[in-house]
Amino acid sequence: MKVAFTSDNIAGASDVVFKAMMEAAQGDAMPYGNDDGTAQVTRMLSELFECDVDVFLVSTGTAANVLSISALTPPWGSVLCHSDSHLLNDESTAPEFYTSGARFVGVGGADAKMDPAQLKKLVSQKIGDVHSCQPSVISLSQVTEVGSVYSLDEIRAITDVAKIAGLPVHMDGARFANALLALGCTPAEMTWKAGVDMVSFGATKNGVMGAEAIVVFKQSLEDKGISSEKVAKELGYRRKRGGHLHSKMRLLSSQMIAYLSDDLWRVNATHANAMMALLQEGLKTVPGVKINTPAQANMLFCTLPLAMIDHLQAEGFGFYGGRWEEGVIRLVTSFRTSKEGVEAFIKSARQFATK
Ligand SMILES: Cc1ncc(COP(=O)(O)O)c(C=O)c1O
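For clarity, every value in this text was computed on a predicted model and none was experimentally measured. (Residues numbered from 1 in each chain as written. Predicted model: local features only at pLDDT ≥ 70, side-chain atom pairs only at ≥ 80, totals over all residues. Heavy atoms only, no water.)

A. Main features of the sheet that holds strand β12 (residues 320-321). Strand order in this open sheet of four strands is β9-β10-β13-β12, and the pairing throughout is antiparallel. Of all strands in the sheet, those with a lone pairing partner are β9 (290-293) and β12, marking the two edges. Across five bridges, the pairing between strand β10 (residues 299-303) and strand β13 (residues 328-332) is antiparallel. Its bridge partner lying in β13, Leu300 is registered against Leu331. (Pairing = 2+ DSSP bridges. Helix = DSSP H or I, 4+ residues; strand = E, 2+ residues; numbered from the N terminus.)

Next up, the structure:
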């Protein structure tokens, strides 16, 4: 494949992350997260988020999402998330499996962002009715599955509904860094200061080999009358039960330490977002290309003439298509995407459009 915009997880890992893992693999360290590195990750994330947090490292984003939510909902609960969310569409039945069968309910809204009005209706329906599932958690994705980013006000509009209903809010931050840089705010501002109680802090898509952090904002939960101690305890047992308590946790922590050190996470996401901005600007000038949802971070959905898609694929460019409406493709840039690759893609599309 010449250049691939298939996903941000087709890129491997940043060299420093790999080096940190190699170093952590030397010598002995206590297993199952009882090593110094794992404690350091908690300290680093507390500092990053400017508050006291509990942290649980896992190796996939799906595990981070479903474990987080499972500690917040009873089996008879419902979890409200966007109809296009990864939770509803791309995590098989892991959400039901980990939550022992809680109901995941899709909420509508433009650009894969939940509409607060619809959410408000759903969280107040059939409360106390033993025949109905009971709203228990709200989960939003930041970046969303179509590449848009909730503004701080839009996050607050969701969390305000949650607050009135007394519900905890989880954020699927598989592309947390990309969203944060798009907004230009602090991690605290995009999460607990905006009413988010727990985040799946993604790293794998942005330069880490395979490590994600469940971050629990203890005070935020307490403020909603939810015992953060109970949630942390549950997460510990649930992570083990779910097969995500790595014995050599130090290999996951070493990745996260490298990721959080020297602003690697910012550097990588800045590059990925810049490459997407370049790609989007270029594609806007190509006849026949329609931008579906303007990319704010590192993912773009656009519609191309079918023959142009065939041409680009024949030229060796990689991307997903055929999963959505006819002609819709998804382009994703990463910390490894090259400027030359972006320019080659635009040039090839333009050559086809104008021949
Ligand atoms: C929005 C979102 N959430 C979560 C994930 C994590 O998924 P995985 O279990 O593949 O690491 C992804 C990966 O594609 C994603 O796009």
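Here the narrative resumes.
B. Examining the environment of Asp153 more closely. Tracing the backbone shows Asp153 in helix α7 (residues 152-165). Sequence separation between Asp153 and Ala194 is 41 residues; the distance between their C-alpha atoms is 8.2 Å.

C. Representation of the site of the ligand within the structure. Around the ligand, the neighbouring residues are Thr60, Gly61, Thr62, Asn65, His86, Glu91, Glu145, Asp172, Ala174, Arg175 and Lys205. A distance of 3.0 Å separates an oxygen atom of the ligand from a polar side-chain atom of Arg175. When isolated, the ligand has an accessible area of 390 Å², and the protein chains bury 78% of it. At three residues, the largest contribution of residues to the shell around the ligand is made by helix α3 (residues 61-70). Among the residues making up the shell around the ligand, the classes are represented as one nonpolar, five polar and five charged. (Near = heavy atom within 4 Å. Polar contact = N/O pair within 3.5 Å; in protein donor to acceptor, adjacent residues only side chain to side chain. Areas by Shrake-Rupley, 256 points an atom, 1.4 Å probe, with all protein chains shown as cover. Nonpolar A, V, L, I, M, F, W, Y, C, P; charged D, E, K, R; others polar.)

D. Region of the structure containing the state of the cysteines. Here the structure, examined in full by the defined rule, presents zero disulfides. Just so you know, Cys81 is unpaired, no disulfide at all, and the nearest cysteine sulfur is the one on Cys133, 12 Å from it. (Disulfide = S-S within 2.5 Å.)

E. Looking closely at the pairing of strand β8 (residues 212-217). By the criterion of burial, β8 is predominantly enclosed, with six of the six residues buried. Note that strand β2 (residues 53-58) and β8 share six bridges and pair antiparallel. Among the inter-strand pairings, Val53 is bridged to a residue of β8, identified as Phe217. Taken together, the four bridges between strand β7 (residues 198-201) and β8 define a ladder with antiparallel strand orientation. Its bridge partner lying in β8, Val199 is registered against Val215. (Buried < 20%, exposed > 50% of the residue type's maximum accessible area, 1.4 Å probe, protein only.)

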